[in-house]
Each structure stands twice: as C-alpha cells, then as structure tokens.
Amino acid sequence: MADQPQITNTRDAVALARERGLSHVNVGLFDVDGLLRSKRISLKKLESVLEKGLMFCDVIYGWDLHDQIYDNVKFTGWHTGFPDCPVAILPENFRELPFEDGGMFFLGQLDGGGAAIDPRAAVGRILERLAGHGMTAAAGFEYEFFIFDETPESVREKSYRDLKPLAPGFFGYSGLRSFVHSELYNEILEVCEFMGMPLEGLHEESGAGVLEAAITVDDALRSADNAALFKAAVKVLCQRQGLMATFMARWSPDWPGQSGHIHLSLAGKEGPLFYDEGADPDHGISKTMRHFIAGQQALMPELLAMVCPTINSYRRLIPGFWAPTSATWGIENRTCALRAIPGSAASQRVEYRIAPADANPYAALAAALGSGLWGVENEMEPDEPVSGNAYDLPAEGPRALPQTLWDAAQRLRQSEAARNLFGAEFVDHFASTREWEEREFRKHISDWELARYFEAI
C-alpha cells in the first residue's frame, strides 16, 4: 500500500480532503475505558475544528462502556447538565481509513478542564515531566486477542456461551493455522500498515483462535495512539468479515488470559539510557534502568486499577496462566510482572507484563511510564531479580497486588504518588469510574451462584 500522507497542519488536512472529493471526515477520541467515540463532520466544519477544536458532549467521560451514567464523578453528570466540552483535534495524528474509499480520521483528546481527567493527556503530562529531565520515552504494545466465527447478534442469541472460535485447540506459533487463515492475517497486517501503525509480527498464540500482534515501537504517545486504534481497527475488520474479536482479559476459564504487554525504554540527549556495560557487565542494566524498574515495582500495587481496569482483568492474574501475581521483576523471566530484556543499547528495555489486553492503552502507559519515572526521580532500588518461577513466591508483603477491582481502586485513590504524577482530578475521576464498575458487577447474579445456592441453601 502507498505511504500515508504526512499532515502537520490544518491547511494540509483540508487540502487533502478536498483533493479526495470527500464531503465528510471522521474525528474522535478514546474515553476512560478506551472505547473510540467519534463523529463524522462536514468538510466545511473540518477547517474550523482543526483550528478551534471540536465541541463534544462531555457525557463521553460521564458514562460507562454501556452508556450508563456514573453517579459518583464530579466532572460531569446530571448535576452539570452534560454541557459540551472542548476536544483538541490533532492534525498530525491523521490516519487513513482502509474501510472507506479515501476515508480520513483525526484523533483528539479532551481540552481545557477536561484534560485533567483524560488518560491520553495524562500520558502527555508524564512525557513533559520526563522532558524536564532531558529524557524521552519509546514504547511498543503487544496484544493477544481471540477471534470467533460469530456476529454481535449470534453471541447475544447464545448468551455468550458455546461460541465457535476461529480455529480449535491449542496450537501456539502454528504455521498451519497462519497459512490456512492467511487472507485474514494479511488483511490485519495491511490495514495496520495503511493506518500508520505497522506490526512487527503477527502469529497464532496458544489457545483456540487466539492471535498475538506486536505493534512497531514508536515514541510513547504515538505508540499508545497506535495501540488504541489497533484494537478498534481489528474489531471493525473482523465484524466486516462476519467474525468477532475480543480483547477481554480472560473470556473463558478453559483458556489462558489475554495480555497487553508494554515494552518501554528511555533516551537522553546522548542516546539510550537503559544500557551501561560498565555498571553491569553481565546484562548492561544501567543505573537509570534499575531505578526505573524499582519505581514500577514499588508503585504497581498502587496503580493497578489504571492497568487492570475491569472486573475481568483480575480473572487473568492467577498462577500458571502466563500472567504475574505480584510486583516481581527478573531478567528474561516471563513469570515476573516486569521482564528486563538485555540487548544492545538500542534494544535494551523493560517489558511491563502485568498489563492485560482489556486495559485502556493510555491509562496503562501512564501507569507504567509514570511509576518508572518516579523511581528515577527518587533513585529507588529494586528487589533482587527473581530467578526461576515467580509463581512459587508468596504473594504477600509490599509487592502483593490487589485481588479485586474495588481494592485496586482504593489503593489508587489513596496513592500520594499517583496524585503527584497524574493530578488529583485524574486520580479521583478514574478511581470513581472503577468503583462504579465494581458496583455494577455486584448487582449481577451469576450462573455459579444459582447452581451453588438455589436448591442447597
């Protein structure tokens, strides 16, 4: 496919839309749950929007992923009357839309007072803080996702039971599966390339119909944009083919959970900051990298709600299912929450393995990057790296992780480090939305409860 046009200003954006003969373009942003909320606006409106911003009903940050109104947030709600709030549309974040002939999409984020609660803006604030130390960050997201031979209608008719996966059985790294479904694989790769978020790799994971995609490393904020758009694009692509993709952290007790690992590194004016052979002849772990890991390890229990934001996120965090259970770190150890990956100065990095596929990429990145920065600023030291199976270690003490979304939300709300890093308004809003999610869950009576108690009790 042709290279994506480079747009850096309003004039170029409008000129390209006119050249393509478009009557409308797409603009949007991602909400607190990481769902894309968008509009189609006229070409006439585009120029004004790019220069002055878009007014969007602030309910998009006042309701949950099923459009139920939060009753516990200050930013918006019935008490404010749901006014419009400004959204800054970013011409430099223009993306091609492969699903429409010449279609154009522009990404934005909350502006004005709303920026205080927007996870994308929170990443921006962490990057500004890093810049104050003369540092930049690069990131790369990896996603596991299950694909089903189902439609939105069929899964509801089946009550989400007895779903038909794209392929049966465990068959990780299967060449057979990837060749049989080569058209789908190639379309995913081509769509991502066309949208400016190329994949480094795509392969069959271990599970029925599960794939793993590694999005090419980019600067941190662009990488989070790519991750959020990737999830949305895969869902669209699949549904257009009569399939469905899910990024739930764990959709079935019979299969492993789905991760959304984040690879991170820092650089300074002189180059990469995570590699120093003189400090560590065996692995080249620099002082900066050591402090970064220490901050991530120390704050992981406090920031977990930003990384594991749903009830289902905690179904994944059990021993033996390729997901960490406490804030451990190790060198090339995939049983740990943090995996230090040695390499050259250009490739040395930390893999933030605690993150599930259902996380809002911006919130998860803010937590992973902000906690690492906290460690660097405070020159923190990590525990000794774990050798062997981290699942064998007792999940207790200061590295123990909250076991439920409610407990994680309370840890976040009480975290002074979180308030320092992200701002009190962000912490209070995000924690409140997670408390709402937990309360919605408590209203539900599960099949397990009925089978367990209906007759016997």
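What comes next is a walk through the structure. Since the model is a prediction, treat every value here as computed from it, not as a measurement. (Residues numbered from 1 in each chain as written. Predicted model: local features only at pLDDT ≥ 70, side-chain atom pairs only at ≥ 80, totals over all residues. Heavy atoms only, no water.)

What follows is about the sheet that holds strand S5 (residues 103–110). Spatially, S2-S1-S5-S4-S3 is the arrangement adopted by the five strands of the open sheet, whose pairing is mixed. Of all the strands in the sheet, the pair left with one neighbour each is strand S2 (36–42) and strand S3 (54–57). Taking each pair of neighbouring strands and ignoring which way they run, the sheet shows an average axis angle of 40°. Pairing of S3 with strand S4 (residues 84–97) involves four bridges; the strand directions are antiparallel. The residue bridging Met-55 from the neighbouring strand is Pro-86, located in S4. (Pairing = 2+ DSSP bridges. Helix = DSSP H or I, 4+ residues; strand = E, 2+ residues; numbered from the N terminus. Axes fitted to C-alpha atoms, helices over the stretch in contact; angles between N-to-C directions.)

A few words now on the side chain of Glu-435. Along the chain, the position of Glu-435 falls in helix H12 (residues 424–442). Since its relative accessible area comes to 10%, Glu-435 is described here as buried. Polar contacts involving the side chain of Glu-435 include one to the side chain of Arg-413, which spans 2.9 Å. Setting aside residues no more than four positions away along its own chain, Glu-435 makes contact with Asn-72, Trp-406, Ala-409, Gln-410 and Arg-413. (Buried < 20%, exposed > 50% of the residue type's maximum accessible area, 1.4 Å probe, protein only. Polar contact = N/O pair within 3.5 Å; in protein donor to acceptor, adjacent residues only side chain to side chain. Contact = heavy atoms within 4.5 Å.)

Turning our eyes to something else, we now look at the packing of helix H8 (residues 287–307) against helix H9 (residues 361–377). The contact between H8 and H9 brings their axes to 6 Å, and the two run at 135°. Relative to H9, H8 is oriented oblique. Crossing of H8 against H9: the hand is right-handed. Here Thr-288, His-291, Phe-292, Gly-295, Gln-296, Leu-299, Leu-303, Met-306 and Val-307 of H8 lie close against H9, whose contacting residues are Ala-363, Ala-364, Ala-366, Ala-367, Ala-368, Leu-369, Ser-371, Gly-372, Leu-373, Trp-374, Gly-375 and Val-376. Of the residues contributing to the contact of H8 with H9, the split by class is 14 nonpolar, seven polar and no charged. (Parallel < 35°, antiparallel > 145°, perpendicular 65-115°, else oblique. Left-handed = near helix turned anticlockwise from the far one by under 90°. Nonpolar A, V, L, I, M, F, W, Y, C, P; charged D, E, K, R; others polar.)

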